[in-house]
Amino acid sequence: MFKALEWQEHVGNRLLRALSAEERARLRPSTKGVTLALGKVLYECGEPIDYVYFPTTCVVSLLYTMRDGSTAEMALAGNDGLVGIASILGGGNIPHRAVVPIGGHALKLPARVLQEEFMRGGSLQRIFLRYTQALITQISQTAVCNRLHSLEQRLCRWLLLCHDRLNGSEIPMTQEFIANMLGGRRESVTVAAGRLQDAGLIHYSRGHITVLDREGLETMVCECYKIVDDEVNRLIGAPLRGELSKTVPCREVGGEVL
């Protein structure tokens, strides 16, 4: 159940905000607010997708894990998207893991409910297909970036993508977790983060990274960040950062979304 106030004013997710009032009304009874902790695994490789997640204040990473245990991030999703898109594309399950590197709130919906709404057509289908295109762009650009650009540039890209999806400048993240995301060694991430800190762009302390100079990060990042950012904004609309500072984020109270 939802409070009488308009749902869209309490939902900090760009996809859900873009839906029609009728589509939101049909999804509303099956939607539940959840809190996702750092390190929470939403899907393992090959598992069926029973629920989809719409992040509002958390970030979810899509990770490939190799046979030797090494990992690399292929994409991330925050308040710009959803986790579990394969459920409406007919895939059923995914060949990667979905892990929460930055904890926070999300909206949880049974996959079958979203599948039924997707099959109706309408604005939801168009919006989610555009999001799929944006996600493909991010995955492709991440592959190019990992092959051609330095770890320092990749770290800048990752920090900016996370910063875009958070309501604030603090990113709770350990260097070990970042190394897993970027497919690098922890020692290399330490060196790269140290350079950014020495340049006055970030501050790192006890598992928290604070962005001090966003414009400085944008001058150091490779072109991959802007390509992904421009495509997301073109396909699903403007970001929510300015709006989120004026609204109360979703929270769960007794299973209800407020």
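Residues numbered from 1 in each chain as written. Predicted model: local features only at pLDDT ≥ 70, side-chain atom pairs only at ≥ 80, totals over all residues. Heavy atoms only, no water.

1. Re the layout of surface pockets
If a probe as big as a water molecule is rolled over the atoms, it shows which places are left empty. Here the largest pocket defines a volume of roughly 230 Å³. Around the largest pocket, the lining comprises 20 residues; the ones closest to its centre are Leu 62, Ile 85, Ile 94, His 96 and Leu 135. Put simply, the parts of the chain that give the lining of the largest pocket at least two residues each are strand E4 (59-65), strand E5 (71-77), helix H3 (86-89) and helix H5 (122-148). Per-element accounting of the lining of the largest pocket gives the leading share, five residues, to H5. For the lining of the largest pocket, the class distribution of residues is 17 nonpolar, three polar and no charged. (1 Å grid on protein atoms, 1.4 Å probe; cavity = no way out; pocket = protein on both sides within 12 Å on 5 of 7 lines; lining within 4 Å. Points joined across faces, edges and corners; volume = space filled by probe spheres on them. Helix = DSSP H or I, 4+ residues; strand = E, 2+ residues; numbered from the N terminus. Nonpolar A, V, L, I, M, F, W, Y, C, P; charged D, E, K, R; others polar.)

2. What to know about the pattern of salt bridges
Overall, the coordinates contain 10 salt bridges when judged by the stated rule. Among the salt bridges present, the one from Arg 97 reaches Glu 44, with a minimum N-O distance of 2.9 Å. Highlighted residues: Arg 97 in strand E6 (residues 97-102) and Glu 44 in the loop between strand E2 (41-43) and strand E3 (51-55), separated in sequence by 53 residues. For Arg 97, a relative accessible area of 23% translates into the label partly exposed. Arg 234 is the salt-bridge partner of Glu 231, the closest N and O atoms lying 2.9 Å from each other. Of this pair, Glu 231 and Arg 234 both sit in helix H10 (residues 223-236), three residues apart, roughly one helical turn. The class for Arg 234 is exposed, based on a relative accessible area of 55%. One salt-bridge network, in which partners are shared between bridges, spans Arg 26, Glu 117 and Arg 120. (Salt bridge = Lys/Arg side-chain N within 4 Å of Asp/Glu carboxyl O. Buried < 20%, exposed > 50% of the residue type's maximum accessible area, 1.4 Å probe, protein only.)

3. Points about the sheet that holds E3
In space, the three strands of this open sheet follow the order E1-E7-E3, with antiparallel pairing throughout. For this open sheet the edge positions go to strand E1 (32-36) and E3, each flanked by a neighbour on one side alone. For this sheet, the mean angle separating the axes of adjacent strands, direction not counted, is 40 degrees. Relative to strand E7 (residues 104-110), helix H4 (residues 111-119) is tilted by about 70 degrees, and along the sheet it contacts E3 and E7. (Pairing = 2+ DSSP bridges. Axes fitted to C-alpha atoms, helices over the stretch in contact; angles between N-to-C directions. Contact = heavy atoms within 4.5 Å.)

4. Quick look at the pairing of E4
The buried fraction of E4 is high, at five of seven residues. One ladder, built from four bridges, connects E4 with E6; its direction is antiparallel. Following the sheet pairing, Val 59 is matched in E6 by Ile 102. The turn linking E4 back onto E5 is made up of five residues, and Gly 69 within it adopts a positive phi angle of 95 degrees.

5. A look at the packing of H4 against H5
Look at H4 against H5: their axes get within 7 Å of each other, and the N-to-C directions meet at 110 degrees. It follows from the interaxial angle that H4 and H5 lie roughly perpendicular. Note on element contacts: H5 touches H4 through Leu 124, Gln 125, Phe 128 and Leu 129, opposite Leu 114, Glu 117 and Phe 118. Looking at the contact of H4 with H5 residue by residue, the class counts come to five nonpolar, one polar and one charged. (Parallel < 35°, antiparallel > 145°, perpendicular 65-115°, else oblique.)

6. Points about H10
Taking 1.5 Å as the rise per residue, H10 with 14 residues should run 20 Å; its terminal C-alpha atoms sit 20 Å apart, in good agreement. In this structure, the buried residues of H10 make contact with helix H1 (14-17), H5, helix H6 (151-164) and helix H9 (214-220). Within two residues after H10, Gly 237 carries a phi angle of roughly 105 degrees, on the positive side. (Expected span 1.5 Å × (residues − 1).)

7. Section: the sheet that holds strand E8 (residues 170-172)
Taken together, the three strands give an open sheet; going across it, the order is E8-E10-E9, and neighbouring strands pair in antiparallel fashion. For this open sheet the edge positions go to E8 and strand E9 (202-205), each flanked by a neighbour on one side alone. On average, each strand axis in the sheet is tilted by 15 degrees relative to the strand beside it, whichever way the strands run. Bridge count between E8 and strand E10 (residues 208-211): three bridges; the pairing is antiparallel. Paired with Pro 172 across the two strands is His 208, which belongs to E10. Relative to the sheet, H6 contacts E8, E9 and E10, its axis offset from that of E8 by approximately 105 degrees.

8. Topic: the packing of H6 against H10
As a packed pair, H6 and H10 sit with axes 9 Å apart at the nearest point and diverge in direction by 30 degrees. Here H6 lies roughly parallel to H10, going by the angle between them. The interaxial crossing formed by H6 with H10 has right-handed handedness. Of the residues in H10, those touching H6 at Arg 157, Leu 160, Leu 161 and Asp 164 are Cys 224, Tyr 225, Val 228 and Asp 229. Residues that form the contact of H6 with H10 fall into these classes: five nonpolar, no polar and three charged. (Left-handed = near helix turned anticlockwise from the far one by under 90°.)

Everything listed here is a matter of coordinates, which is why it stays silent on function.
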